[in-house]
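What follows is each chain in one-letter form.
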Amino acid sequence: MIDGKEYVHLHVHTEYSLGQATCRLEKLFQKVKLMNMKALAITDINSINGVIRFLQLAKAYDIRPIIGCELSVGKEENLVLLAVSYKGYEQILRWINFGFSLQQFSKGEIIALSGGIRGSIYQLLKEKKRYLAKRMVQKYIDSFGNGNFYLEIQNHFFEDDDIVIQETINLSKEMDVPVVATHNIHYLEPEDAVELNIIRNDKGINISKTGPFYFPSQEEMSEKFWRFPNSIHNTYVIAKRCNYKDYHDINQHTSYPFLNSRNHDSYLKKLCFEGLYKYFDFTELSCKEQAKIIGRLNYELNIISRRKLSPYFLIVWDIVNFARKRKISIGPGRGSSTGSLVAFLLGITQVNPILYKLSFERFLSLDRSDIPDIDIDVCRRRRNEILEYLKKKYGNDKVVHLGVCNTFGTRGSIRKAGEFLNLKKQQIDVIASLLPAFSGTGGLRHCLETLPELKKLPVDKEPYKSLFHFAQKIEGLPNNYSSHPSAVLIGDRLPFLIPIKLRNDGDSITTFNKEDIKELGLLKYDLLGLRNLTIIDDTLGTILKEKGKELRVENIGLNDKETFLALKAGNTLGCFQLESMGIRYLLRKMQPKTIEELAILLALYRPGAWKEGIIDTYLKRRDGKEKYNYILSQMEDILSSTYGLIIYQEQVMDIAHVIAGYSMGEADILRRVLAKKHLYSIEEYKKKFILGASKKGYKKQQALRVFNFLERFSGYSFNKAHSISYAYISYWTVYLKTHYPKEYMASLLSLQGGYFDRRVYIREVKKMGITLLCPDVNKSGIGFQVEKQGIRVGMDAIKGSGANAVSSLIHCRKDGKFISFEDFLTRIQRYQVNRSVLKVWVFVGACDNLDNNRKKMINLLTSPQINIFEYLTEDIDKDYSQKQKGKLEKEYLGYSLKKVATYNIKHFLNKYRIIPIENLWNTTNNKRVRIAGAIIHLRRQPTKTGEYLLIIVLQDHSEMVEILVYPKTYEMYLYELNPQGIIVEGILTNLDTRLYVKAEKIKGLGG
């Protein structure tokens, strides 16, 4: 409760006034609580983006929230608008979305303040234009109503403040308009002014100077305005009137447009029963099996209807239906929605939940109030076609992209602070490149304390000292908004529910993020552009073009012998979710024989499962090396397929259901509580579990053992529905790589590779025995292309070869192939392709079929004026050497197309006593080894002490392996880490579940 003697801040800008304020919400509430204030307003500039989080924090800190914003209502004219009710909030939202208008709104739902120093009334009084100020006041009184418009008085100790305050008081008395004392707050402390200076890049200011727009105490405000006690009291009056404390559970979405005579529920049911006879052969099923499937369907439909989600399912069905008709690749399922029979029968998912015993309640139940998500993986390249379809069907203003608020991370804050300090861009870029891409606060401090690269930097001396000091000041503050990569909203009334702005391309985006949307109860549709589906799409297109065979992945058998041989051998580089060294090694150990076993492998390959030794235990039990028992015999059916271990979240739910009598929805809530490991909640649920088990005849000690078993494994268990779905995509990519290697690898290379850099896949192509053909101006286009002899490198893969130049080449080639270099030059010059581009084409051999002397062609292109006659008569016998050609190819392609002589490799290995990486698999554990290769991937991983472990993926001509570089070694050999190549000496770890080398010495190779 607030009382009339207390002061309430009503003009507060937070971090959500991007680039104009730096008050971090959490710290703001901490300060309000510390100052014993009972209420607080949020009035961001032309924004309500922080409202949802503001309300959540207000509830957590027991502070009365006042929702509003400072709105630009005209040229150099701002008003502070405060919502008295939800209607008032809606009205402010409309003005933000559609522009300000004083017509047709309910008076009394909004309290308006004159805007302080940014308001026109302040400026008019300052300029002694009292008559115009009176007219402006009367306009707002007429618009908002008596008692709903207040004149602000502010004292920031500016030169004119006292004069304007007195003029405002005089005007207030003359026109009988109440005054209210406010402070224009942009940061919390006076010394925080520099944060705003950095973000705004206000150069040339005194960085040690404090600012006036801080957060003053109640005592300070009372002291400043002691002559006008009503102005202090009116903050209480306003705060008490503003009753909008919570957002409504909107749960609003558009209807699926179809015949009005049918309702959503009945139409959904009709579609499902049509799918029932499409996907199940009832002639092959027993009466009991038929009844089970129909019973499951009716059960799901009932829950969907009661949750009012039928329109949501119909819209998702329509999206997938459109995509399939247009032959846009759609994933087999993603997340827990794969557990829905309704989703399967509608064709939204392609994984039969009955066959794999998937749980619907893991996705949706009456016991949970949270909003479900049906995530759809789509071909990345064609995702926009689906969005265009939605906009055309529902209306452009009904389809809104979800927003993402991007903050200054470690690198961004360094760049911004460096720019503010006028440091050279190259200097800033070098420092930023050393840092991991942390977001939020504390990342820079952690890096300074632990990162070996920064320990070598004199961070206690200028300019580095100021650079890191100021960067930490702004770290974690909002920087800008961008679109969520996948989520969109579809709704009839979205502009009246959420803030919306237009992107540069004309699409609508809300500046609320996914957490805000979830709090509001709005349904989102996730269309995730998955690159691997694009690779699959391109591979199938190439197969059709080159072989005349129309192949569909859903028709590929899931028991292909060659595919499983490739999986068992770990030949999965470039395949979905099977690329890392660890998982490829695990494939060799697990030897999966079915989709179910592949799904288990994907579920097991998680940090928690590694740490707990679950993978080791699983393999030992599967291979009969470790015996195990079930706590209760009733758990055998649930755990037998995973050898007595809980691997899937659904198993936790099944056990709670069978042993303690939980409904499946209740069991999912228990699973979530156990996974979060909140001790108080766990104790409460433990009591409930034991009580439920006792009602089913189990003793307390038995129930306690089962509960402890669930508690241990819940944090490491994985969603079975998701694992099965992604096992399908993994299997499809391995199948295509195995049976159509050229087509698959060409598609993979065209899309810049996969998990690793493109160079890795170039080596994989060579290792597979596929010839990589040189770029050719007569044959190459955009992307890598399949030819009879191998894979042709695309012209767009050449550095410096832009899309326009390649398009010009393709267009020029329509008149026929180039018959000579002079013919090529004569024709291509019409398209004004830059001479520097033509040079790099020659350097990489793209013109070799026109003239086999690259140096002669370069000489012509290097001369001030191209003279074809001189070129034809010039006699240059000596071309670039093979070594020079290889070096140029590496420079402009990233790799050399020249085959390294086997003799050279053997000589290098023998000289330095190096073994090929592929030999490590047959090398004894704990043996000292020396290997060499190129660094193709590296990542830092913090240790328990806070120091960093460096994990390097090293590749030679034969294989790849992980190198673990512990902190001391990392610091010692930091400057030996040449990406081109290193020699590593260390101890091999070759265990059942992992193979890696612990580095002891590192030597950088030249070049």
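Residues numbered from 1 in each chain as written. Predicted model: local features only at pLDDT ≥ 70, side-chain atom pairs only at ≥ 80, totals over all residues. Heavy atoms only, no water.

## A look at the packing of aromatic side chains
Then, number 1: One pass over the structure, following the stated rule, counts 35 aromatic pairs.
Then, number 2: With a centroid separation of 4.8 Å and 70° between ring planes, the pair formed by F576 and Y726 is classed as edge-to-face. On the criterion of sequence distance, the pair formed by F576 in the loop between α22 (561–569) and α23 (581–590) and Y726 in helix α32 (residues 720–739) is long-range, its members being 150 residues apart.
Then, number 3: Since its relative accessible area comes to 4%, Y726 is described here as buried.
Then, number 4: On the basis of an interplanar angle of 75° and a centroid distance of 5.4 Å, the ring pair of Y618 and Y643 is categorised as edge-to-face. Taken together, the positions of Y618 in helix α26 (residues 614–622) and Y643 in the loop between α27 (636–639) and α28 (649–660) put the pair 25 residues apart, joining distant regions of the chain. (Phe/Tyr/Trp six-rings, centres within 6.5 Å; stacked < 30°, edge-to-face > 60°. Helix = DSSP H or I, 4+ residues; strand = E, 2+ residues; numbered from the N terminus. Buried < 20%, exposed > 50% of the residue type's maximum accessible area, 1.4 Å probe, protein only.)

## Examining the environment of R763
Then, number 1: By the element assignment, R763 lies in helix α34 (residues 758–767).
Then, number 2: Exposure remark for R763: the relative accessible area of 33% places this residue in the partly exposed category.
Then, number 3: Measuring from C-alpha to C-alpha, the distance between R763 and L25 comes to 51 Å, with 738 residues separating the pair along the chain.
Then, number 4: Other than its neighbours up to four places away in sequence, R763 contacts A934, Q955 and D956.
Then, number 5: At 3.2 Å, the side chain of R763 forms a polar contact with the backbone oxygen of Q955. (Contact = heavy atoms within 4.5 Å. Polar contact = N/O pair within 3.5 Å; in protein donor to acceptor, adjacent residues only side chain to side chain.)

## Some words on the nonpolar core
Then, number 1: Counting 182 residues, the largest nonpolar core has F689, F824 and W841 as the members making the most contacts within it.
Then, number 2: In terms of residues, this core owes the most to one element, α32, which gives 11 residues.
Then, number 3: Residue contacts for W841: discarding those within four places in its chain leaves V777, M795, I798, S801, A805, L809, F824, V833, A846 and C847.
Then, number 4: In this structure, A83, I92, L125 and I232 belong to the second largest nonpolar core, which totals 84 residues. (Core = buried A, V, L, I, M, F, W, Y, C linked by side-chain atoms within 4.5 Å.)

## A closer look at helix α9 (residues 229–241)
Then, number 1: The end-to-end C-alpha separation of α9 is 19 Å, in line with the 18 Å expected for 13 residues at 1.5 Å each.
Then, number 2: Buried within α9 we find S231, I232, N234, T235, Y236, I238 and A239. (Expected span 1.5 Å × (residues − 1).)

Note that every value here comes from positions in space, so none of it alone points to a role or purpose.
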